[in-house]
Amino acid sequence: MITKDADMVETTAPPAPAAPPAMSGPAPRRRKRAWDEPPRWQIYVPLGLYLLFTLIPFYWMLLFAIRPAGSTSLLPWPVTFEHFEKVWTERSFGVFFQNSLLVGVASMLMTTVVALAGGYALARFDFRIKRGFMLALLCSQFIPGALMLVPLFQIFANLRMINSLGSVIIAETVFQLPLSMILISGFIRNVPYSLEEAAWVDGCSRFRGFCAIVLPMLRPGLIAVGSFAFVHSWNHFLFALMFLSNQEKQTIPVGLATLMSADSVDLGALAAGGVVAAVPVVIVFAFIQKWLVTGFSAGAVKG
Amino acid sequence: MAQAAAVAKRPPGVPGPSRVPRRRRTGATPRRLPYLLIAPAALLMLGFIAYPVLSVFYYSLQHYNPTKPWRNGFAGFENFVKAFTEDPQFWSTLGFSLQWVAVEVTLQLLLGLGLALIVNQTFVGRALSRAMVFSPWAVSGVLTSTIWLLIYNSQTGITRYLADVGIGSYGTSWLSDTSTVFPAVVTAELWRGVPFFAILILADLQSVSKDLYEAAEVDGASRIRQFFHITLPHLKDAIILSTLLRAVWEFNNVDLLYTLTGGGPAGETTTLPLRIASIAVDSHDFGYASALTSIAFVILLFCSMVYLRLSKFGGDDK
């Protein structure tokens, strides 16, 4: 990705800044380039300012996490890992990390599988309740998870699932499903139907044809949808707060909130906890970053 | 039915594969198949979305409080009357919710649009800049609170370093002062929210036809005119959809405010959903919380309809 961009830049960017003033005047072609692209400073100055706004908070957290307690230095030196040790064992972030990972991976798998089945039906069949179902999917986007806490709590209490990670996994999955299904059915529509038909002609069943033809082509889309689901469940706070009261069942966001609500906040431990919370999503994000833009521009969002 | 869809999708004039396998397939894929495929999703959504929504409406008409079971029973519209007439906090939290949504969505849209236009240009280091400016998108509301609490804390936060160079005084916290708390939480949420708009708008920008710009340039249109006459109309639907989704999400945003300010100081930053959550958690008055939830539903639905109607969403191509 980076090398490709750098190549593109090579061919277009240099003329504007590199044109030496001593030259008798830029060639007409160059003048056209300078006209249709804004001057470099109009890109770099606002971009630089925005990068500062984005990155300083991250730096700030890292700084608090690795400098010794009581230090006010703005440079992270000397480096210490005492905050990490403390938060991982004393504040049981080690346990929270496992729980969050379990919730994230389980709801990612459930969301992807269920949405794949539903998305295939929506993309490839015409059936009586299809329009109504699509409408329900869209409408569900307006239903606030936060306002459903009370009835969901009662449901899970009746199912005797309060204080089990299962309740959180189900709740996360359900609220991921509509958008994931809409996205996946968009991706499936982009796979030509004739390819599947060709597989049937060759004697494949519908299921085998799907596995052999459609599934490999869906890989980028499934990676994007699965990663959304993982990041979302990893980050989500309210369901875990409401449904899990045992400390050894809690997830990282709840652990962070507990650290923040203490009477005197241990800033070093809080920052270290924040870094622990950030690492998995940053890795996933770096992994899917380039799919984000292309995935959305595939027209999936517009339906 | 499946067969009908298959036939419809084939371009006219192209002979289909021989009829035999197709007929066999229709036999092998009964009309029940699509229903079987959507069944898991439909059941989950019925059980954990539709049923809770209905039960919210049901409980809004009940006195229901597990800690005061002797009062439980049919309430009629008493919960709603209480909200509109007896509960001063209802109106103040509703007002703050609207202020919060309006300010957040407007600023996020403007900054996100600007950011998308910048990273859509060709320049050295574009891929890396994109990855970095988009990265807060992946961060949770609670983690955002964590980071900004570290920045705003009164001892070692930003105010300390500002005081070092003579701005403000030591020991101040922007989060506990009623005059600074709003800009402080707005900034924190902007940090996380702008990348959402930037990503969606950037995705849509990539589908603008280059020919349009070239034609406009031949006609001598300036870049500003090109923006208003080509780019902005093209982005219209994406902007409408993303502002609407974002407005709903910001209205329902509880994570950040709950952990960063807890609704304080002095209830200054309590939104309606935050108040509902605290009623449900602290006083267990589920009946009243359900009534407030129903009101929030109706407000969201009504505003969404009006917004889609006024903005003539998708009106150009239908």
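Residues numbered from 1 in each chain as written. Chains lettered and ligands numbered in written order. Predicted model: local features only at pLDDT ≥ 70, side-chain atom pairs only at ≥ 80, totals over all residues. Heavy atoms only, no water.

A.B. asks: Report on the overall build of chain B, specifying residues and quantitative values.
C.D. replies: Within chain B, the secondary structure is distributed over 14 helices and two strands. Looking at chain B as a whole, 53% of its 318 residues are labelled buried. Across chain B, contacts joining residues at least 24 apart in sequence account for 68% of those joining residues at least 6 apart. (Helix = DSSP H or I, 4+ residues; strand = E, 2+ residues; numbered from the N terminus. Buried < 20%, exposed > 50% of the residue type's maximum accessible area, 1.4 Å probe, protein only. Contact = heavy atoms within 4.5 Å.)

A.B. asks: Tell me about the packing of helix 13 (residues 252–261) of chain A against helix 7 (residues 141–152) of chain B, and name the residues and values.
C.D. replies: For the pair helix 13 of chain A and helix 7 of chain B, interaxial distance at closest approach is 9 Å and the crossing angle is 30 degrees. As judged from the angle between their axes, helix 13 of chain A and helix 7 of chain B are roughly parallel. Crossing angle aside, the handedness with which helix 13 of chain A passes helix 7 of chain B is left-handed. For the pair helix 13 of chain A and helix 7 of chain B, the contacting residues are P253, L256, A257 and M260 of chain A in the first and V142, L143, S145, T146 and L149 of chain B in the second. (Axes fitted to C-alpha atoms, helices over the stretch in contact; angles between N-to-C directions. Parallel < 35°, antiparallel > 145°, perpendicular 65-115°, else oblique. Left-handed = near helix turned anticlockwise from the far one by under 90°.)

A.B. asks: Please give an account of the interface of chain A and chain B that cites residues and values.
C.D. replies: Taken together, the contact pairs 99 residues of chain A with 102 residues of chain B. A combined buried area of about 9200 Å² lies between chain A and chain B, and 78% of that area is made up of carbon and sulfur atoms. Counting across the interface, chain A meets chain B through zero salt bridges. On inspection of chain A and its partner chain B, the count reaches nine residue pairs in polar contact (both at pLDDT 80 or more). For the side of chain A that touches chain B, the leading source of residues is helix 4 (residues 40–66) of chain A, giving 16 residues. Grouping the amino acids of the side of chain A that touches chain B by side-chain chemistry returns 74 nonpolar, 14 polar and eleven charged. (Buried area = accessible area lost by both parts, 1.4 Å probe. Salt bridge = Lys/Arg side-chain N within 4 Å of Asp/Glu carboxyl O. Polar contact = N/O pair within 3.5 Å; in protein donor to acceptor, adjacent residues only side chain to side chain. Nonpolar A, V, L, I, M, F, W, Y, C, P; charged D, E, K, R; others polar.)

A.B. asks: Could you give an account of the UniProt feature "transmembrane region" (unreviewed entry) in chain A, naming the residues involved and the relevant values?
C.D. replies: Residue and element names in this part refer to chain A. The sites that UniProt annotates as "transmembrane region" (unreviewed entry) are residues 41–66, 101–123, 135–156, 168–188, 209–234 and 267–288. The span residues 41–66 carries 100% helix and 0% strand; its end-to-end C-alpha distance comes to 35 Å. Secondary structure within residues 209–234 divides into 100% helix and 0% strand; the distance between the first and last C-alpha atoms comes to 34 Å. (UniProt positions renumbered as here; feature names shortened; annotations may be inferred.)

A.B. asks: Tell me about the packing of aromatic side chains, and please be specific about residues and values.
C.D. replies: In this structure the tally under the stated criterion is 38 aromatic pairs over all chains. Taking the centre distance of 5.4 Å and the plane angle of 90 degrees together, the rings of F84 of chain B and F90 of chain B count as edge-to-face. Owing to a relative accessible area of 1%, F90 of chain B belongs among the buried residues under this scheme. Members of the aromatic cluster, joined through ring pairs, are Y50, F53 and F58 of chain A together with W148, Y152, W174 and W191 of chain B. Of note, R246 of chain B hangs over the ring of F196 of chain B, and the distance from its end group to the ring centre comes to 4.9 Å. (Phe/Tyr/Trp six-rings, centres within 6.5 Å; stacked < 30°, edge-to-face > 60°. Lys NZ or Arg CZ within 6 Å of the ring centre and 35° of its normal.)

A.B. asks: Account for the confidence of the model for chain B, naming residues and giving values.
C.D. replies: Averaged over every residue, the pLDDT of chain B is 81; the share at 70 or more is 88%. In this model, residues 1–28 of chain B is a region of pLDDT below 50 whose contacts with residues beyond four sequence positions or in other chains number 24 contacts. (pLDDT = per-residue confidence, 0-100.)

A.B. asks: I'd love a proper account of the packing of helix 6 (residues 93–124) of chain A against helix 3 (residues 33–60) of chain B, names of residues and values included.
C.D. replies: Between helix 6 of chain A and helix 3 of chain B, whose axes approach to 8 Å, the crossing angle comes to 140 degrees. Considering the relative orientation of helix 6 of chain A and helix 3 of chain B, their crossing is left-handed. Residues V114, A117, G118, Y120 and A121 of chain A of helix 6 of chain A pack against P34, L37, I38, P40 and A41 of chain B of helix 3 of chain B.

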